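# Overview (structure and organization)
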Amino acid sequence: MPRVSAEHLERRRQQILDAAQLCFARKGFYETSMQEIFTESDLSAGAVYRYFKSKNEIIAALAAETTVELRAAMTRTIRSDPLPTPAQLVRVIAEYVVAHSGPDGPVRLAPQAWALALVHAEAAEYVKGAVVAMRDRWTEYVGRMVQVGWLPADTDIHAVTTAIIGFMPGFILQHLIIGDPDPETLARGVATLLPYGEPAAQT
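Residues numbered from 1 in each chain as written. Predicted model: local features only at pLDDT ≥ 70, side-chain atom pairs only at ≥ 80, totals over all residues. Heavy atoms only, no water.

### Re the overall build of the chain
Looking only at helices and strands, the chain has 11 helices and 0 strands in total. The order of α-helices and β-strands along the chain, N terminus first, is α-α-α-α-α-α-α-α-α-α-α. Overall, the C-alpha framework of the chain stretches about 70 × 40 × 30 Å when taken along its three principal axes. Sorting the 203 residues of the chain into buried and exposed places 44% on the buried side. A fraction of 68% describes how many contacts in the chain between residues 6 or more apart in sequence connect residues 24 or more apart. For the chain, the exposed area adds up to about 10,900 Å²; of that, 57% sits on carbon and sulfur atoms. Within the chain, the 23 negative side-chain charges are centred at a point lying 5 Å from the centre of the 19 positive side-chain charges. (Helix = DSSP H or I, 4+ residues; strand = E, 2+ residues; numbered from the N terminus. Buried < 20%, exposed > 50% of the residue type's maximum accessible area, 1.4 Å probe, protein only. Contact = heavy atoms within 4.5 Å. Areas by Shrake-Rupley, 256 points an atom, 1.4 Å probe, with all protein chains shown as cover. Lys, Arg positive; Asp, Glu negative; His and termini not counted. Charge placed at Lys NZ, Arg CZ, Asp CG, Glu CD.)

### Thoughts on the domain arrangement of the chain
Each assigned domain of the chain is listed with its residue range as follows: domain 1 (1-52) and domain 2 (60-193). The C-alpha-based centres of domain 1 and domain 2 are spaced at 28 Å. If you sort the residues of domain 1 by the area they bury against domain 2, Gln21, Ala25 and Phe29 come out on top, with a joint share of 46%. Here domain 1 is connected to domain 2 by 0 salt bridges. Where domain 1 meets domain 2, there are 2 residue pairs in polar contact (both at pLDDT 80 or more). (Domains from an automatic or database assignment. Buried area = accessible area lost by both parts, 1.4 Å probe. Salt bridge = Lys/Arg side-chain N within 4 Å of Asp/Glu carboxyl O. Polar contact = N/O pair within 3.5 Å; in protein donor to acceptor, adjacent residues only side chain to side chain.)

### A look at the packing of helix H7 (residues 121-147) against helix H8 (residues 157-164)
Between two packed helices, both the angle of their axes relative to each other and the distance between the axes serve to describe the pair. Two elements in contact, H7 and H8, have axes whose closest approach is 9 Å; the angle formed by their N-to-C orientations is 120°. Comparing the axis directions of H7 and H8 gives the class oblique. Viewed along their axes, H7 and H8 form a crossing whose handedness is right-handed. Only Ile157, His158, Val160, Thr161 and Ile164 of H8 make contact with H7, whose side of the interface consists of Arg135, Trp138, Thr139, Val142, Gly143 and Val146. Here the contact of H7 with H8 is built from residues that sort into 6 nonpolar, 4 polar and 1 charged. (Axes fitted to C-alpha atoms, helices over the stretch in contact; angles between N-to-C directions. Parallel < 35°, antiparallel > 145°, perpendicular 65-115°, else oblique. Left-handed = near helix turned anticlockwise from the far one by under 90°. Nonpolar A, V, L, I, M, F, W, Y, C, P; charged D, E, K, R; others polar.)

### Structural notes on the environment of leucine 173
Assignment of secondary structure puts leucine 173 in helix H9 (residues 167-178). When its relative accessible area of 35% is taken as the criterion, leucine 173 is described as partly exposed. With 63 residues separating them along the chain, leucine 173 and alanine 110 place their C-alpha atoms 9.4 Å apart. Other than its neighbours up to four places away in sequence, leucine 173 contacts Pro111, Trp114 and Ile178.

### Structural notes on the nonpolar core
Grouped together as the largest cluster of nonpolar side chains are 28 residues, with contacts concentrated most on Met74, Ile93, Trp138, Tyr141, Met168 and Leu186. Every element with two or more residues in this core is listed here: helix H4 (55-78), helix H5 (86-99), H7, H9 and helix H10 (183-193). In this structure, leucine 186 is in contact with Val90, Ala94, Met168 and Phe171, ignoring residues within four places of it in sequence. (Core = buried A, V, L, I, M, F, W, Y, C linked by side-chain atoms within 4.5 Å.)

### Observations concerning the pattern of salt bridges
Scanning the entire structure with this criterion turns up 5 salt bridges. As a salt-bridge pair, arginine 26 and glutamate 40 come within 3.1 Å of each other at their nearest N and O atoms. Remark: glutamate 40 occurs in helix H2 (residues 34-41) and arginine 26 occurs in helix H1 (residues 6-27); sequence separation between them is 14 residues. Ionic pairing is found between glutamate 140 and arginine 137, a salt bridge with its closest N-O pair at 3.2 Å. In this pair, glutamate 140 and arginine 137 both sit in helix H7, 3 residues apart, roughly one turn of the helix. Overall, arginine 137 belongs to the buried group, its relative accessible area being 18%.

So, in structure tokens, the structure goes:
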């Protein structure tokens, strides 16, 4: 019997995640049945359960996957020269959020995954990993802020990171639920609160 390649397994796993994302974005996590995921993915129940034990595990995996491209964009921005201001960095993140929060967008799943992580251990592992990975990016950024002299040498990097990372969940919730905040508005607010590197702050 021929062995199934790792590439094939990954394609099949992604096929399931793509189908589930469409279902969840359309109907919401709780209103979507596993049967609908089977149908959307054009796979049998056995094939889907080979990769994911439950619907909870699927949405948690989607939430973690959503942050991969965002972390990559953050890393490129953080490591650019000159160092982007806090406003410039949050604008990059906010633009990604807006671009991926349409009717079928993966960002719409984030609040559902956060809530799920509070009550399901298997989902919590995926979501915790994604949050920690995002926090690591912010930690690197705050460290660079210290290096360029925007923050004092004795800055409590963990404390600043803990505070600054809170901007984005608030933006995501406002954008998805209220609909009016946009990346430019967020950037202006951050530039006012954290004017490091901004022209007015350099005079």
